[in-house]
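The chain contents come next:
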Amino acid sequence: MIDLNNVSFNYVGEQREKGLKNINLHIKKGEVVLLCGASGCGKTTLTRMINGLIPHFYPGELTGEVTVDGKNPAKIKLQELAQTVGSVFQNPRSQFFSTNTTAEMAFGCENQGIEPVIIRERINKTVDELKLDKLMNRDIFQLSGGEKQKIACGSVSVTQNDIYVLDEPSSNLDIQAIEELKEQISYWKKAGKTIIIAEHRLYYLSELVDRFIYLQEGRITGDYRAEKLKKITTEKLNKMGLRPFSLGQIKLTAKEKNVTDKLILKDFHFQYKQAERAALSIQKLEIPKNAVIAIIGHNGAGKSTFARCLCGLEKKNQGKLIFEKKALDRKARLKKSYLVMQDVNHQLFTESVVDEVLLSMKNPVAATAHRYLEQMGILELASVHPLSLSGGQKQRVAIASALASEKELVVFDEPTSGLDLGHMQAVASCLTALAAQQKSIFVISHDFELLAHCCDYVIQLEQGRVVKQYSLTHESFPELMAFFRK
Amino acid sequence: MTEGKMQLDPRTKLFLLLIANFLLFFHLGVRTEALFVIFLCVLLVLSGKSRTGFLGAVFYVSVLYVSNRVMAHNQTNFWAILGLMITFVEKFFPCILAGFFAFTTTKVSEWIASMQKLHFPRHIIIPLMVLFRFFPTVRADYHHIRNAMKFRGIAVTVFDVIKQPFLTIEYIFVPLLMSATNTALDLSASSLSRGISAPTAHSSYTNVEFQLQDWLVWGSILTIFALYGGR
């Protein structure tokens, strides 16, 4: 179905994605192939060769021979290839063309000029198969990330392609949404589709994948069949820089510590306009100070609302935070806290990394700014424009700015979405280091592995209420695992 | 869309918008204008926008009433200026109402489908689609950026913004453009991989067709003009 013979590719210009070297890969019809490896290993590049975005959209030097369903993607137009290959991308926010879900599902077929009657039939079929009826005819901007990704999968299903290419589809999803993504992929597998997935999270795919391709610096260095896959030990995976195949293999590595100081939250209530029930309703909550605190819960449990109220972003929230014997109201909390956002692009304002840090400082002194950069391991990037950094580096700049502003509460919103093992571990040790510097760290995360690496305390929310809270120890660890494995 | 609500063809809504503008530029008498506004209000109610419909009608009638009373006073400067302002509101109201009607009761896909029916070229339709798609994105980005600025202590209060308007704008625009560039790249890759560049005829799943109610609207409007136009 897909043949790559001695293919090499180099991007032209400043591209963060790495090229490929001497790739030989033959994928049979109906195979489910997982591409994995550390960030920048070339797996995304490989998906782009198959869906034709290379060389049509991303220009570069391409040598060797690519054949997809008997055709050479470089020689035919993208719209022709679109009839054979359907793609789902990493970011649910930016792969939509329409503003309405049903219109989005029809988009691919409309481009092929298919009769409206047939499009309707196909949409109805897909809606049945993938259970999308609740999402039909909705405003896409009102959907959650998981729901958006479902619509993305639904839209390519409607085009009835033979090959599906998914580039890190689970990056921005929570555990429930990942479960549903797994069901969609397994449906395609049953229907005999050829599926290629580039992914960091491996656990949800371990039962579906027939073949596992490991890439390092643009080369294929491992090609395993499903049977062999199960024999790879966690230690070996760790060495390969890969996430585990099963959440059960994750071990608690965060060091237990005794914290005596406390933060107390009082009267944290919040209700959105036109909402039936309160998004957040906490009478009193005692949590350890200067610790790494995980906020977990399913979609809509109130995690983000909690973070927004804690940081003082919600004006209607009347809650108080007792901090070092002082009761902090909303404005006082805003001065004491810092939110590292999921999309770090929103919080970088200046022309160089060092300016970014100086901007946060009460007394801007370059030497001190450099010290913060050194602490985050990005000193050599001091004069670089933030735009040219990788996602992980941008995140570090944002954290350095938080340090520079001398804030005591730092909240992280999904800091490891789409990160490989190495980068995830780097974030984990960064969080631990911050807590050691007398900062209280809050982490909203669906990444069980991250929490196992660095968390001291867990708060579980459900319908805006705290349903569980416990120190993370070897005794309580199974409880955390149970939440993620259901 | 939803049962029990009247659906008009987007072309009819455009026609209403054109008529409203026509009324603004050519004076056809208060009676024609009033009939047109009341007609629009009825259409709003029928299309499920009852609140706006009723409020619009009440507001317009009050404006007409006040305008009459003010005109009777037409002696001093004060009354002249007030009269001018009220007339301004009175004249612009039909346009605002027609615009509101057109843009709140029509989905983007319906606009696109009617543009295709009217044989607009692809190189006009596609940028317009992207534009519609970008408004909500930019709005969401803007809120995130304003929040991020609060944590950095940049332009937190209204006073800060007034004190340093240009700096504030710069701090909003840099991340906004950065984010928009990324979105645009992703969006292009995604839509190209779904065959948007096909030069052949694109079909449209969204069905827009003239129905009885459309003919009735066109008929009523033309009748109003024939009977009262020019008086």
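Here's a quick rundown of the structure. Just so you know, these numbers come straight off a predicted model, no measurement behind them. (Residues numbered from 1 in each chain as written. Chains lettered and ligands numbered in written order. Predicted model: local features only at pLDDT ≥ 70, side-chain atom pairs only at ≥ 80, totals over all residues. Heavy atoms only, no water.)

Concerning the overall build of chain A
Counting secondary structure elements, chain A contains 17 helices and 19 strands. Taken over the C-alpha trace, chain A has a radius of gyration of 24 Å; the compact-globule value for 486 residues is 23 Å, and the two agree within 12%. In terms of principal-axis extent, the alpha carbons of chain A reach across some 70 × 50 × 45 Å. Classification of the 486 residues of chain A by burial places 58% in the buried group. Put simply, of all contacts in chain A between residues at least 6 apart along the chain, 70% involve residues at least 24 apart. Within the structure as shown, chain A displays about 20,300 Å² of accessible surface, and the carbon and sulfur contribution to it stands at 47%. (Helix = DSSP H or I, 4+ residues; strand = E, 2+ residues; numbered from the N terminus. Rg over C-alpha atoms; globule rule 2.2 N^0.38 Å. Buried < 20%, exposed > 50% of the residue type's maximum accessible area, 1.4 Å probe, protein only. Contact = heavy atoms within 4.5 Å. Areas by Shrake-Rupley, 256 points an atom, 1.4 Å probe, with all protein chains shown as cover.)

Some points on the overall build of chain B
Looking only at helices and strands, chain B has nine helices and zero strands in total. Helices and strands in chain B line up, N terminus first, as α-α-α-α-α-α-α-α-α. Here chain B has a C-alpha radius of gyration of 23 Å; the compact-globule value for 231 residues is 17 Å, and the former is much larger. Its C-alpha atoms give chain B principal-axis dimensions of roughly 60 × 55 × 30 Å. The 231 residues of chain B split such that 43% are buried. Across chain B, the fraction of contacts at a sequence separation of at least 24, relative to all contacts at a separation of at least 6, is 72%.

Things to note about the packing of aromatic side chains
As enumerated under the stated definition, the model contains 25 aromatic pairs over all chains in all. A ring pair is formed by Phe-306 of chain A and Phe-442 of chain A, whose centres lie 6.4 Å apart and whose planes are at 55°; its orientation type is tilted. One end of the pair, Phe-306 of chain A, is in helix α10 (residues 303–310); the other, Phe-442 of chain A, is in strand β17 (residues 440–444), and 136 residues separate them in sequence. The burial state of Phe-306 of chain A is the same as that of Phe-442 of chain A; both residues are buried. Taken together, a centroid distance of 6.2 Å and an interplanar angle of 45° make the contact between Phe-22 of chain B and Phe-225 of chain B tilted. In this pair, Phe-22 of chain B sits in helix α1 (residues 10–25) while Phe-225 of chain B sits in helix α9 (residues 212–228), placing the two residues 203 residues apart along the sequence. Taking relative accessible area as the criterion, Phe-22 of chain B reaches 34% and is therefore assigned partly exposed. In this structure an aromatic cluster arises from ring pairing among Phe-9, Tyr-11, Phe-57 and Tyr-58 of chain A. (Phe/Tyr/Trp six-rings, centres within 6.5 Å; stacked < 30°, edge-to-face > 60°.)

Considering helix α6 (residues 122–152) of chain B
Residues and elements named next belong to chain B. The terminal C-alpha atoms of α6, which comprises 31 residues, lie 44 Å apart, in line with the 45 Å expected from a rise of 1.5 Å per residue. At Phe-134, α6 shows its largest bend, some 30°, and a proline, Pro-136, comes one to four positions later. Downstream of α6 by one or two residues, Gly-153 has phi in the positive range, about 70°. (Expected span 1.5 Å × (residues − 1). Bend = angle between axes of the 7 residues up to and from the residue.)

Overview of the environment of Pro-175 of chain B
Residue and element names in this part refer to chain B. Checked against the element boundaries, Pro-175 lands in helix α8 (residues 165–192). The class for Pro-175 is buried, based on a relative accessible area of 0%. With 98 residues separating them in the primary sequence, Pro-175 and Asn-77 have C-alpha atoms 50 Å apart.

Brief notes about the packing of helix α5 (residues 108–117) of chain B against α6 of chain B
Residue and element names in this part refer to chain B. At a minimum axis separation of 11 Å, α5 and α6 run at an interaxial angle of 175°. On the basis of the axis angle, α5 is roughly antiparallel to α6. The residues of α6 that touch α5, namely those facing Val-108, Trp-111, Ile-112, Met-115 and Gln-116, are Arg-122, Ile-125, Leu-128, Met-129 and Phe-132. Classifying every residue of the contact of α5 with α6 gives eight nonpolar, one polar and one charged. (Axes fitted to C-alpha atoms, helices over the stretch in contact; angles between N-to-C directions. Parallel < 35°, antiparallel > 145°, perpendicular 65-115°, else oblique. Nonpolar A, V, L, I, M, F, W, Y, C, P; charged D, E, K, R; others polar.)

Digging into the pattern of salt bridges
Residues and elements named next belong to chain A. Applying the stated rule across the entire model yields 20 salt bridges over all chains. The salt bridge involving Arg-93 is made with Asp-343; its shortest N-O contact spans 3.0 Å. Highlighted residues: Arg-93 in the loop between β5 (85–88) and α4 (101–111) and Asp-343 in the loop between β15 (337–340) and α12 (353–360), separated in sequence by 250 residues. According to the relative accessible area criterion, Arg-93 is partly exposed, its value standing at 32%. For Asp-447, the salt bridge is made with Arg-243, and the minimal N-O distance between the two is 3.0 Å. Residue Asp-447 is located in the loop between β17 and α16 (448–454), and its partner Arg-243 is located in the loop between α9 (234–240) and β10 (262–270); the two are separated by 204 residues in the primary sequence. Residue class for Asp-447 comes out buried when judged on its relative accessible area of 4%. Residues participating in the shared-partner salt-bridge network are Glu-31, Arg-211, Asp-223 and Arg-225. (Salt bridge = Lys/Arg side-chain N within 4 Å of Asp/Glu carboxyl O.)

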